[in-house]
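# What the coordinates show
This is what each chain is made of:
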Amino acid sequence: MSKKIKILGIFMLIGILLLAACSNEASSSGGKDEKVTINYWSMWNTGEPQQVVLQGIIDAYEKENKNVKIDVQWMGRQVMSDVRNAALGGDAPDLTEQSGAEVAGTLLKNNLAEPLDTLLSMKIPNEGTVFKEVFIDDVVSFYEQEGKTFFIPYEIISSGFHYNKNLFEENGVEPPKTWDEFLAVSETMKSKGIAPFAQDGNIDFYNAYYYYWLVERIMGPGALLEAAGDKTGETWLQPGYLEAAQKLQELVDKDYFAAGYEGSQYPAAQTSWAKGDAAMILNGSWLSSETKQYTSDDFAYSAFPFPEIDGSKGNYDQAELYLIGWVAPKGANVDAVQDFLAFAMQKGYQEGIVTDTGNISTRKDLEAPEALASFRETIVNASSYHPEYDGLQAEYPEWWKTVFLPLDDKLIFGQMKAEEFVQELKVQTEKYWSKQ
Amino acid sequence: MNNEKKKLIIPYLIPAMALYLVFFIGPALYGLWISFHDWSGFTKDMDFVGLKNYLNIFEDPIYWQSFKNMMLILLVGGIFVFFIALLFTSLMSQGVTAKKAIRAIIFFPNIIAPIALAIVWNYLYRYDIGFFNSVLKIVGIDPVNWTSPNNIMMSAVISIVWYSTGFYAIILLGGVDKIPNTYFEAARIEGASTFKIFTKVTLPLIWDVFSIAVILWGINAIRLFDFLFAFGGPEPPSRMWNTAMYQYILGFGQRTPIYQLGYSSAVAVSMVVVVLIFVITGRKLFKREVYEL
Amino acid sequence: MKSNDRSILLVIGKALLYIWVIFILFVLGWIVLASLKTNQELFDGFWKLPETLQWGNYYTAWVQSDLASYFFNSVIVVTVSVLGIVLVSAPAAYVLSRFKFFWKEPLTLLFVIGIGIPYQAVLIPIYLLLLKTGLINSHLGLIIVYVALSLPFTIFILTGFFQTLPAEVEEAAAIDGASANTVFWKVMLPMARPGLITVTILNAVSLWNEFLLAKAYINVNDKYTLSVGLYQFYQSMQYNSDWVSLFAGVVIIIFPILIFFLWLSDRIIEGMTAGSGK
């Protein structure tokens, strides 16, 4: 018996030594001076359309630049916390990506990104245009800090009400522009036995779309941010915030949300919307590609922006700009990264973002996919931009997750009335700030 | 003890002690140290804040909500797990057909990755096309919103009980199998009912096994993470968090970049305290004379 | 003999047991069924049967995600870890249970305390330690962490075991001229086989499914263990909305383990139950 143990022990030792050797080899591969490596930690998962498009760009780049190797890891949406952990040990990747808000709230806030201003004046290969000129106006400067650019967006997401054009036509309704029209459309749908809205109640930030858009429309951009940042909490008591809550409560009280929505686990509600069990869903523009698999052939994707509210500060002209893009953490090989990004922004490659992933590109010469045409129009013609959720998620993430979202969930599930909602917001915001 | 044996002590203990101190106790103490600081983890700067994190825990409604969820799993879950486990154990020891097959089958769920189980149970609980509601429909009862904010923790507990019970049932069964049949026969001859046999013969004789099983359950229930994390979807809302999840989210963030390592460490320390209280209470409750077989 | 009482209680209890068992089998069966549907069918209704069996889902799951590599990674990590745990714990438990020295009690207590410390308490500090020693993102690092964290419980169980072994055999071997080392490796260890099997199996099962540490300490795609790989797969499938392939992935992951378990179940359960009495 002991002989067996000894043999096992020897095997184990060998195994461990081999593993140690392997892992060391992998990390110290910087022996060859000629080859430049770009470590790219992507937010996409293997198999996602964006991953396929980006992999194509990477392959094409490596083919043309034989001395560059791009070591890409498909990390998934939580990539930023992995980047944070790596940055702690001085081992951050050269290139990563996420939404502009998340990049701003993590890397930019802590001065952990490299400025990419040189890139802006570089020329795009095969096109001759200057880099910063290919973007829709103001998009690339949206997350500027102190005049420096750190964030290069390539995908624009926006949010609004998604619907099936054919379903609307069948029931004789037009996409509403004002709040009153919106209520009328919902009532029509309800009377025909179709739930007006589908909602996946377990995604708290999907639920937040309603209140956030209502405040944007009633009080204009920046109002939510201001209220959240007021350490006394008093701002919440202004009438606009109460009005927004009351309008949301109206939707809840009229039973416009599909049955069972409070407990609906993603993606149950959006798939049932895709199957025609509900008329509209307030969600990001990723929805069309996410639900493609479940829609029948006669489903005509379309979307309309959140309705205007008569006599209030906000209007259609104010577009939500939810950007997905690249950032180079501190310590990155900036030259190599900039060269790659200039290459990646070529029209031919960015077309993949439109056709294969079904999203809006930041390039001004690329049309949006048909389903998102109205979104793009709003964005291009906008008079001002605001970040998603008014920037709350990036500026005050803990407040957002622990104070706002739980209260908002209670409001949208009908567990709390509008007056109580704003009162609680005031009280808890004050308490939150006193603990910082 | 002879000198020969004495020579063994150090070499036999060193590997374990070295690994343990360097990779467990050391980090645990460092974690305690971090809990007295404010630290985002993005830079090396830590601000010493003394007991602030601990004081904040007392006033943190999210913490206490997560604590309540943790207790729900620990106590309510635990009662169900052991009630069912004891029931099955006594049944199987008194003779069931295909005992070996049943033993194997009830153990199955425990060896499946909790992530996979969470995916499956999400479907079973669906309001419109889930298993439970379709059964209710057949029987004519209104569908239940299993994953509504009010119900979701209990639904999670049900799933947790489902996949955990088999494990503890088998541990207890091991203890019961050791009791020689003569005891049972003697009791039956004396006219004891099933219930009496269970409480007066079986239970006392497996008491030490039972106490170990309960302590094991406590430790696992308090730090339960995998299943709940996956069950909550891509980003579980805060009403679903147990303290283990809260601790993870504070430190490692999800999409919402909270990143509060100091506070996260303080929460972790509080979990150790809970475990300690549980183990000490458990040992006191279970303290009895152990009957020698 | 009170046969009435016996039969009612037994009947209800047995019925519950059978329902429980059937439900488990039903769930397993349903997972396989779900994996063979199309996405449309999956969301049409729970009981709906697939029109044609979509074996293509398995192809998607196998090819798109790196399930084979993750499986292999888990096999390596768990095997080496479990071997390591046993090799390190057994001698320590032997000494702690049968020898006398003045610091025996405090040391034993120190190990036992570790059982109660949840992984969360050391998650971040160990992360920093691994970073400093260059062991982050490596299987070796994960293995060392697994071994160290499993020591308290394993030593606890094995100490109990060694305590129950008779001293006469030990003394007899020593009298026969065996060195202390030989006594341990050739006499005592074999006698503790049931205990060794128990801890091997308990550790193997828990490490195989371990998720939190593996996720935190390994960031490189191809080094993921199975549970992390499945989670990533789950995340990507959510955005792809290809749920049926996700179920195919779940089947691929569950069923080899189940078959392995069935084949060994007798031995496994025996080992566990033999060990649980002290």
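Attention now goes to the overall build of chain C. Counting its secondary structure elements, chain C contains 13 helices and zero strands. Its helices and strands taken in sequence order, chain C reads α-α-α-α-α-α-α-α-α-α-α-α-α from the N to the C terminus. Against the compact-globule benchmark of 19 Å for 278 residues, chain C has a radius of gyration of 24 Å, which places it well outside the compact range. Taken along the three principal axes of its C-alpha coordinates, chain C extends 75 × 70 × 35 Å. Summarising the internal contacts of chain C: among those between residues at least 6 apart in sequence, 77% fall at separations of at least 24.

What follows deals with the pairing of strand β1 (residues 36-42) of chain A. Every regular strand shows the same layout, with side chains that alternate between the two sheet faces. All names here are of chain A. Burial analysis of β1 places five of its seven residues in the buried class, the great majority of the element. Across seven bridges, β1 lies against strand β2 (residues 68-74) in parallel orientation. Looking across to β2, one finds that S42 is bridged to W74. Handedness of the crossover is the feature at issue here: the chain leaves β1, passes through helix α2 (residues 49-64), returns alongside β2, and the resulting connection is right-handed. Inspection of the sheet shows β1 paired to strand β3 (residues 95-99) by two bridges, in the parallel sense. Paired with W41 across the two strands is T96, which belongs to β3.

Moving on to the domain arrangement of chain C. Each domain of chain C was delimited in the assignment, giving domain 1 (3-59) and domain 2 (66-240). One C-alpha centre belongs to domain 1 of chain C, the other to domain 2 of chain C, and the line joining them spans 35 Å.

This part takes up the interface of chain C and chain B. Listed per partner, the contact involves 83 residues of chain C and 78 residues of chain B. The biggest single contributor to the side of chain C that touches chain B is helix α13 (residues 243-276) of chain C, with 15 residues. Tallied by class, residues from the side of chain C that touches chain B come to 60 nonpolar, 16 polar and seven charged.

All names here are of chain A. One can describe the packing of helix α10 (residues 239-253) onto helix α18 (residues 418-434) by two numbers: an axis separation of 8 Å at closest approach and a directional angle of 135°. One finds that α10 runs oblique with respect to α18. The two elements α10 and α18 meet at a crossing, and its hand is right-handed. Contacts between α10 and α18 involve Y241, L242, A245, Q246 and Q249 on the former and, on the latter, A418, E419, F421 and V422. When its residues are assigned to classes, the contact of α10 with α18 shows six nonpolar, two polar and one charged.

The next thing to look at is the domain arrangement of chain A. All names here are of chain A. According to the domain assignment, chain A consists of domain 1 (34-149 + 321-382) and domain 2 (159-317 + 390-434). Each of domain 1 and domain 2 has a C-alpha centre, and the two are 30 Å apart. Counting residues at the interface gives 16 residues for domain 1 and 18 residues for domain 2. Among the secondary structure elements, those contributing two or more residues to the side of domain 1 that touches domain 2 are α4 (100-108) and α15 (373-380). It is α4 that contributes the most residues to the side of domain 1 that touches domain 2, four residues altogether. Here the side of domain 1 that touches domain 2 is built from residues that sort into nine nonpolar, six polar and one charged.

What follows concerns the pairing of strand β9 (residues 318-327) of chain A. All names here are of chain A. The buried count for β9 comes to 10 of 10 residues, which makes it a mostly enclosed element. Burial along β9 is two-sided: the residues Q318, E320, Y322, I324 and W326 and A319, L321, L323, G325 and V327 are all buried. When β3 meets β9, the two strands line up antiparallel, connected through four bridges. Following the sheet pairing, T96 is matched in β9 by V327. Bridge analysis of strand β4 (residues 151-157) against β9 gives six bridges, and the strand direction is antiparallel. Bridging from a neighbouring strand, I152 pairs with W326 of β9.

This part is about the sheet that holds strand β7 (residues 278-284) of chain A. Residue and element names in this part refer to chain A. Strand order in this open sheet of four strands is β6-β7-β5-β8, and the pairing throughout is mixed. The open sheet has two edge strands with one neighbour each: β6 (195-197) and β8 (301-304). Here the strands of the sheet are splayed against their neighbours by 25° on average, with no regard to which way each runs. With five bridges connecting them, strand β5 (residues 159-164) and β7 associate as antiparallel partners. When the sheet's bridge partners are listed, F161 is paired in β7 with L282.

Residue and element names in this part refer to chain C. The residue M191 is located in helix α9 (residues 180-191) in this model. Along the primary structure M191 and F233 are separated by 42 residues, whereas in three dimensions their C-alpha atoms are 44 Å apart. Those residues within four positions of M191 in sequence are excluded, and the remaining contacts are L165 and V169.

Residues and elements named next belong to chain A. Mapped onto the secondary structure, A300 falls in the loop between α12 (287-290) and β8. Residue classification places A300 among the partly exposed positions, given that 14 C-beta atoms sit within 10 Å. Sequence separation of A300 and L167 is 133 residues, and the distance between their C-alpha atoms is 8.3 Å.

What counts, and where the lines are drawn
- Position labels on residues start from 1 in each chain and follow its written sequence.
- Labels follow written order: the first chain is A, the first ligand is 1, and so on.
- Given that the model is predicted, a residue must reach a pLDDT of at least 70 before its local features are reported, and side-chain atom pairs must reach 80 or more before they are shown or counted; all residues, however, enter totals for whole chains, interfaces and linings.
- Here a strand is any run of E in DSSP of at least two residues, a helix any run of H or I of at least four, and the numbering for each starts at the N terminus.
- Note that the radius of gyration is over C-alpha atoms, with the globule rule given as 2.2 Å times the number of residues to the power 0.38.
- Here, residues touch in the contact sense if the C-beta positions derived from the backbone fall within 7 Å of one another.
- Here exposure depends only on C-beta density: within 10 Å of a residue's C-beta, 20 or more other C-beta atoms make it buried, 12 or fewer make it exposed, and intermediate numbers make it partly exposed, the C-beta atoms being placed from the backbone.
- Strands are treated as partners if at least two bridges between them are detected by DSSP.
- Every crossover in which the path from the first strand over the helix to the second runs clockwise, viewed with the strands pointing away from the viewer, is termed right-handed.
- These domain limits were set by an automatic method or by a database of domain assignments.
- When residue character is reported, Ala, Val, Leu, Ile, Met, Phe, Trp, Tyr, Cys and Pro are called nonpolar, Asp, Glu, Lys and Arg charged, and the others, Gly included, polar.
- Interaxial angle, 0 to 180 degrees, is taken between N-to-C directions of lines fitted to C-alpha atoms, where a helix line uses only the stretch in contact.
- Should an angle lie under 35 degrees it is considered roughly parallel, over 145 roughly antiparallel, and from 65 to 115 roughly perpendicular; all remaining angles are considered oblique.
- Each crossing gets its hand from how the near helix is turned against the far one by less than a right angle, where anticlockwise is left-handed and clockwise is right-handed.

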